[in-house]
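Chain by chain, the residues:
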Amino acid sequence: MKKFALNEHAHKKILSVATKLCDIVGLTLGPRGRNVIIEREDGRPQITNDGVTIAREVIFEDKFENMASRILLQASQQTNTEAGDGTTSAIVLATEILKKGFNAIKNGASPILLKEELLNSADHACNAVSLMSRPVKSNSEIRAIATNSCASEIDGTMVTNAFERVGKDGLVVLEENHDGRTILKHVTGCEVNASLANPYFIENAAKLQTEYENGKIVLVNDVIKNVRELLPLLELSAKEKIKLVIVANDFSSEVINMVLVNKARAGISVILVKLDETGERRRAILDDIAALTGSTVISGEVEFKP
C-alpha cells in the first residue's frame, strides 16, 4: 500500500529534508568551507567538500524525506552537468527558494503563478550574471579560480599549468586515480580507445604498432560489410601512394581479408581500425576526430562519393 503526503504535510516534509541537507552540504560552501567525511561501501572513509558527492550519500529513513532529498540532488547534479561547479550553492539556493515559496503559498499565493515568477526571475538573474561577467584572460585569474574550486593552491597551480600547455582551445580532463597523488599528464594529439581489425595490420613488429605520418583518415559510423565499398579507396591509395586509416564500427571478415591481401600483394598502406566505444559516445568520438582532422563522418545521413 502506497502512502501519500498532501498540502502542508508534504510541504513540511520537503522543507524539513531541504533544511537538513542544506545544513550538511552548506558546511562546505565557499573558500572557507569545511570538509565532510563519508563512509564508503568498501570501508574506506572519503574526505570531500564537493556538494553533489555529499548529497548522493545522504539517505533518510523516512521515505518522504528521502524522496524529497532526491529532488535537491537532481538540482545539484544538473548544476554539475551544466556548469561543472556550484553544486553546493545549488542546494543552498534551492532550500531558500523552498522556504520563501512555501511561505508565500501559505499566505495565499497561487503555486502556478509563483512558478511563473520564479522562472522569470531566473531568466533575469542569468541575464544579470551575463552582463556582470568578464572573460578570463591571465594565468593569475585562472589560478585564482582553480585554487578556489580545488580548495588547494597546489592543485590550482597544476590546473593553471594544464591550461597554459593546451591553450584556450585545448581540453583539460580531470580523472580519478587511486594512487593518492595528483599528477599532470600532457598528451599531444588525440587518443581514443580503438584496436586494429586484425593483428596483421601491425607494420612494426618490434613495437607492435603501425605509425603513419601525413596519412588520410576515413571515418565511417557503420559496419563495413561489402568489399565493393572500399575498392575505390584502395585503388586511390595504390595509385597515389596514399596512406589510409579507415575507422569504422566494425568490418566483415571478407573486407578484412581483402585489404590484407592487397597490402601483401600490391603494397598499399591501409589499416582498418575499430572503435571500442558504443552508441552515442562512439559517434561523439568520431565527430571529435573529424573536427581535429578536417574530415566528415560518413553515415547514412551523409552521402559519400570516393
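Refer to the structure printed above.
Residues numbered from 1 in each chain as written. Predicted model: local features only at pLDDT ≥ 70, side-chain atom pairs only at ≥ 80, totals over all residues. Heavy atoms only, no water.

Undergrad: Looking at this structure, how should I read helix H6 (residues 139–150)?
TA: Note: α-helices contain 3.6 residues per turn, so residues at a spacing of three or four share the same orientation. With twelve residues, H6 ought to run about 16 Å at 1.5 Å a step, and its terminal C-alpha atoms sit 16 Å apart, in line with that. One or two steps after H6, the chain reaches Ala 151, where phi turns positive at roughly 60°. (Helix = DSSP H or I, 4+ residues; strand = E, 2+ residues; numbered from the N terminus. Expected span 1.5 Å × (residues − 1).)

Undergrad: What am I meant to see in the sheet that holds strand E3 (residues 194–196) here?
TA: Strand pairing in a sheet relies on backbone hydrogen bonds. The paired strands run either parallel or antiparallel. Read from one edge of the open sheet, four strands run E3-E6-E5-E4, paired in mixed fashion. In this open sheet, the two strands that pair with only one neighbour each are E3 and strand E4 (216–224). Adjacent strand axes in the sheet meet at a mean angle of 30°, parallel and antiparallel pairs treated alike. Pairing analysis gives seven bridges linking E4 to strand E5 (residues 244–251), with the strands arranged parallel. Residue pairing for E5: Val 220 is matched across the bridge by Ala 248. (Pairing = 2+ DSSP bridges. Axes fitted to C-alpha atoms, helices over the stretch in contact; angles between N-to-C directions.)

Undergrad: What exactly am I supposed to notice about the packing of helix H3 (residues 63–83) against helix H4 (residues 87–106) here?
TA: Two packed helices can be described by the angle between their axes and the distance between those axes. Orientation of H3 relative to H4, taken along the N-to-C sense of each, is 140°, at an axis distance of 8 Å. One finds that H3 runs oblique with respect to H4. Between H3 and H4 the crossing geometry is right-handed. On H4, the residues that touch Leu 72, Ala 75, Ser 76, Thr 79 and Asn 80 of H3 are Thr 87, Ala 90, Ile 91, Ala 94, Thr 95 and Leu 98. Grouping the amino acids of the contact of H3 with H4 by side-chain chemistry returns six nonpolar, five polar and no charged. (Parallel < 35°, antiparallel > 145°, perpendicular 65-115°, else oblique. Left-handed = near helix turned anticlockwise from the far one by under 90°. Contact = heavy atoms within 4.5 Å. Nonpolar A, V, L, I, M, F, W, Y, C, P; charged D, E, K, R; others polar.)

Undergrad: How do you make sense of the nonpolar core when you look at a structure like this?
TA: Nonpolar side chains tend toward joint burial in soluble globular proteins. Counting 34 residues, the largest nonpolar core has Leu 230, Ile 246, Phe 251, Val 259 and Leu 272 as its most contacted members. For this core, the element with the most residues is E5, which contributes six residues. If near-sequence neighbours (up to four positions away) are discounted, Leu 272 is found in contact with Ser 195, Leu 196, Ala 197, Phe 201, Leu 230, Ile 246, Phe 251, Val 255, Ile 256 and Val 259. Formed by 16 residues, the second largest nonpolar core is a distinct cluster that contains Ala 18, Leu 21, Ala 68 and Leu 73. (Core = buried A, V, L, I, M, F, W, Y, C linked by side-chain atoms within 4.5 Å. Buried < 20%, exposed > 50% of the residue type's maximum accessible area, 1.4 Å probe, protein only.)

Undergrad: How should I be thinking about the pattern of salt bridges in this particular structure?
TA: Where side chains of opposite charge bring their charged atoms close, a pairing between them can arise. Tallied over the full model, the rule gives four salt bridges. Put simply, Glu 141 and Arg 134 hold a salt bridge, and the shortest N to O gap is 2.7 Å. Judged by relative accessible area, Glu 141 falls into the partly exposed class, the value being 21%. On the basis of relative accessible area, Arg 134 is assigned to the exposed category, the value being 62%. Between Asp 250 and Lys 274 there is a salt bridge; the shortest N-O distance is 3.9 Å. Taken together, the residues Asp 250 in strand E5 and Lys 274 in strand E6 (residues 270–275) connect sequence positions 24 residues apart. What makes Asp 250 partly exposed here is its relative accessible area of 30%. Lys 274 gets classed as partly exposed once you look at its relative accessible area, which sits at 24%. (Salt bridge = Lys/Arg side-chain N within 4 Å of Asp/Glu carboxyl O.)

Undergrad: Could you clarify how one ought to interpret helix H8 (residues 231–240) in this entry?
TA: Residues of H8 that are buried: Leu 233, Leu 234 and Ser 237. One side of H8 holds all its buried residues, which, seen down the axis, span an arc of 100°. Of the exposed residues in H8, those oriented more than 90 degrees away from the buried face are Glu 235 and Lys 239. Each element contacted by the buried residues of H8 is listed here: E4, E5, helix H9 (253–266) and E6. (Arc of directions from axis to C-beta.)

Purely geometric numbers; function is a separate question.
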